[in-house]
Amino acid sequence: MRTIVISDIHGSFYTMKKLLDEVEFNREHDKLICLGDMCDRGKNTKLVWEFFYNLQQEFPHHVVLLGNHEDMFNLAIKEARYGSNLSVRQDHYFRNSGLTTLQSFYPEATVETRGIYFKKFATEHKHLRKWIKNLPTRYENSDYYFVHAGVDFTKNFWNQTHRDMIWIREPFLSSNVKYNKIVFHGHSPVKQEPYYDEKENRFNIDGGCVYGGKLNIVVIDGSSLTVKQSAILKEDIYKK
């Protein structure tokens, strides 16, 4: 079984789909691991979320992790439903391009009407809301650790804070400390060649695809590790 790793898709569904086709992704026999941040910034979050949700419904061995953008969405929708007149979480989410996600489901949604559409989403897409709410924050196989943002290397991989796993940058990125396994992560976009960052202790596969960079897929096949990249993106360019 091959392991295929992707992260920080940010709504770029057609670009993701093209890369998966190029590596001949097999839903039944491969294991796809998404490191989070499927949503926001790009225009096709609805298609990305539905792809991974349906994939896991059909083949539960695939892995989807929580990113900080999914976490912001969870907090914003909770506030919209139960926070009375509060808007702190929604404001924070919308400062991080949350409107693009809401508009992928409801094109007419605006900043002013967001509360209405968060509540509509919670009712009309209850299956997605519950799925996103319950996404795990980390995964481990026999050879690697997987997480969205990174870890605190002073702690065991399974003894991390929620915030570090989905938000950390420093001191993680500059640390030379190593676990017994390499940590695969995204979250911190690499905006110049080679559009990924491979170190002895970690492998950052966030190529900054929504910042004029690339979307990356890493294919792990036994002891072989191959990086497949999209073209430099300005938008979800592979939409037909």
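Parameters and conventions
- Every chain is numbered on its own, with residues counted from 1 as its sequence reads.
- Whole-chain, interface and lining totals are the exception, using all residues; otherwise, since this is a predicted model, local features are given only for residues with pLDDT of at least 70 and side-chain atom pairs are given and counted only at 80 or more.
- Heavy atoms throughout the structure, all of them, feed into the side-chain values; hydrogens and water do not.
- Working definition: helices are DSSP H or I runs of at least four residues, strands are E runs of at least two. Numbering for both runs from the N terminus.
- The globule rule used here is 2.2 Å times the number of residues to the 0.38 power, and the radius of gyration it is set against is calculated over C-alpha atoms.
- In this scheme, a residue with accessible area under 20% of its type's maximum is buried, one over 50% is exposed, and one in between is partly exposed, where area comes from a 1.4 Å probe on protein chains only.
- When checking whether two residues touch, look at their non-hydrogen atoms; a contact exists if any pair is within 4.5 Å.
- Within this scheme the basic residues Lys and Arg register as positive and the acidic residues Asp and Glu register as negative, but His and the chain ends are omitted.
- A charge is said to be at NZ when it belongs to Lys, at CZ for Arg, at CG for Asp and at CD for Glu.
- Ring pairs shown here join Phe, Tyr and Trp side chains whose ring centres sit within 6.5 Å, with only the six-membered ring taken for Trp; geometry is labelled stacked below 30 degrees between planes, edge-to-face above 60, and tilted in between.
- As a reminder, the over-ring test applies to NZ of lysine and CZ of arginine, requiring each to be within 6 Å of the ring centre and within 35 degrees of the ring normal.
- Two strands qualify as a pair provided DSSP detects at least 2 bridges between them.
- Throughout this description, the term nonpolar core refers to a set of buried Ala, Val, Leu, Ile, Met, Phe, Trp, Tyr and Cys residues connected via side-chain atoms within 4.5 Å.
- All domain edges in this entry derive from an automatic or database-based domain assignment.
- Read the arc as the range of directions from the helix axis to the C-beta atoms.
- UniProt positions are given in the numbering used here, feature names are shortened, and annotations may be inferred rather than shown by experiment.
- Lines fitted to C-alpha atoms define the axes here, with helix axes fitted over just the stretch in contact, and angles between the N-to-C directions of these axes take values from 0 to 180 degrees.

## Description of the overall build of the chain
Item 1. Secondary structure summary: the chain contains eight helices and ten strands in total.
Item 2. By the compact-globule yardstick of 18 Å for 240 residues, the chain fits well, its C-alpha radius of gyration being 17 Å.
Item 3. The burial tally for the chain puts 55% of its 240 residues in the buried class.
Item 4. By sequence separation, contacts in the chain at least 24 residues apart represent 61% of the contacts at least 6 residues apart.
Item 5. Each charge sign in the chain was given a centre, from 33 positive and 30 negative side chains, and these centres are 5 Å apart.

## Considering the packing of aromatic side chains
Item 1. According to the stated counting rule, one finds 27 aromatic pairs in the structure shown.
Item 2. A ring pair is formed by Phe184 and Phe203, whose centres lie 5.1 Å apart and whose planes are at 10 degrees; its orientation type is stacked. One end of the pair, Phe184, is in strand β6 (residues 182–185); the other, Phe203, is in strand β8 (residues 202–204), and 19 residues separate them in sequence.
Item 3. With relative accessibility at 0%, the residue Phe184 sits in the buried group.
Item 4. Judged by its relative accessible area of 3%, Phe203 falls in the buried class.
Item 5. Through a chain of ring-to-ring contacts, three or more aromatic side chains come together here, namely Trp49, Phe73, Tyr93, Phe94, Phe105, Phe118 and Phe121.
Item 6. Here the guanidinium or amino end of Arg114 rests over the ring plane of Phe94, the centre of that ring lying 5.2 Å away.
Item 7. The ring centre of Tyr211 lies 4.5 Å from the NZ or CZ of Lys191, which sits over that ring.

## Side note on the sheet that holds β6
Item 1. Pairing in this open sheet of five strands is mixed, and the strands run β4-β5-β6-β8-β7 from one edge to the other. Every other strand in the sheet has two partners, leaving β4 (138–140) and β7 (197–198) as the edge strands with one partner each.

## Observations regarding unusual backbone geometry
Item 1. Here the bond from Glu170 into Pro171 is cis, since omega is 5 degrees, no more than 30 degrees from zero.
Item 2. Cis rather than trans, the peptide bond between Glu193 and Pro194 has omega equal to 5 degrees.
Item 3. By secondary structure assignment, the location of Pro194 is in the loop between β6 and β7.
Item 4. Despite not being glycine, Ser97 has its phi angle at roughly 70 degrees, a positive value.
Item 5. Here Ser97 lies in the loop between α4 (88–95) and α5 (98–105).

## A look at the nonpolar core
Item 1. In terms of nonpolar packing, the biggest core is built from 46 residues, with Phe52 and Trp131 touching the most fellow members.
Item 2. At six residues, the largest contribution of residues to this core is made by helix α2 (residues 45–58).
Item 3. Here this core spans two domains, and each of domain 1 (7–67 + 135–238) and domain 2 (70–133) adds at least three residues to it.
Item 4. Dropping the residues within four chain positions of it, Phe52 is found in contact with Ile6, Ile9, Met16, Leu32, Cys34, Met38, Val64 and Trp131.

## Quick word on helix α7 (residues 126–133)
Item 1. Residues of α7 that are buried include every one of Leu128, Arg129, Trp131 and Ile132, and no others. Along α7, the residues classed as buried sweep out an arc of 165 degrees about the axis, all on the same side.
Item 2. If you follow the buried residues of α7, they end up packed against α2, β3 (63–64), α3 (68–82), α5 and α6 (114–124).

## Re the UniProt feature "domain: Calcineurin-like phosphoesterase" (unreviewed entry) in the chain
Item 1. UniProt marks residues 1–199 with the feature "domain: Calcineurin-like phosphoesterase" (unreviewed entry), using the numbering shown here.
Item 2. In residues 1–199, the share of helix is 40% and the share of strand is 12%. The end C-alpha atoms are 25 Å apart.

## Looking at the sheet that holds strand β2 (residues 31–34)
Item 1. One open sheet holds the five strands; their spatial order is β3-β2-β1-β9-β10, and the pairing between them is mixed. The open sheet terminates on both sides in strands that have one partner only, identified here as β3 and β10 (224–229).
Item 2. In terms of strand pairing, β2 meets β3 through two bridges, oriented parallel. Opposite Cys34, over in β3, you have Val64 as the bridge partner.
Item 3. Docked against the sheet, α2 engages β1 (3–6), β2 and β3, running at close to 140 degrees with respect to β2.

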